[in-house]
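Chain and residue survey
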Amino acid sequence: MTLTFDLKDIATALPIFVEPEQKEKFLFVLGALMTRLISLRKGAEILGIDAEELLQILDLLGIEFSYLSSEDIEQEQRW
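What comes next concerns the included structure. Remember, it's a predicted structure, so these values are computed and weren't measured experimentally.

Another point: the overall build of the protein. Summing up its helical and strand segments, the protein has five helices and zero strands in all. The order of helices and strands in the protein, counted from the N terminus, is α-α-α-α-α. Within the protein, the fraction of its 79 residues that count as buried is 24%. Here the protein has roughly 6,300 Å² of accessible surface; of this, 55% comes from carbon and sulfur atoms.

Time to look at helix H2 (residues 20–34). Taking 1.5 Å as the rise per residue, H2 with 15 residues should run 21 Å; its terminal C-alpha atoms sit 21 Å apart, in good agreement. Among all positions in H2, only Lys23, Phe26, Leu27, Val29, Leu30, Ala32 and Leu33 are buried. Looking one or two places after H2, you find arginine 36, whose phi comes out positive at around 60°.

Calculation rules
Residues numbered from 1 in each chain as written. Predicted model: local features only at pLDDT ≥ 70, side-chain atom pairs only at ≥ 80, totals over all residues. Heavy atoms only, no water. Helix = DSSP H or I, 4+ residues; strand = E, 2+ residues; numbered from the N terminus. Buried < 20%, exposed > 50% of the residue type's maximum accessible area, 1.4 Å probe, protein only. Areas by Shrake-Rupley, 256 points an atom, 1.4 Å probe, with all protein chains shown as cover. Expected span 1.5 Å × (residues − 1).

In structure tokens form, the structure reads like this:
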């Protein structure tokens with residue numbers, strides 16, 4: 001079974017932000033953060049919020065975000 005979703009449908013389902021445009025912007029920022037195209041600070045700037053607030057939103061949504069690469073995390077766990 002193949003499911004296709006329109007970006008607007010996904011954005012509408014987000015439990016954060018009021019305006020669909022804000023929700024779409026958040027999805028863009030989320031994708032850019034996860035692919036490490038932008039920093040957390042830049043993502044917050046795009047959304048018009050501070051970095052701490054963006055971290056709280058990610059946490060509330062259950063999205064794990066780390067400044068560290070997966071290699072850094074593995075090395076840190078071995079300490």
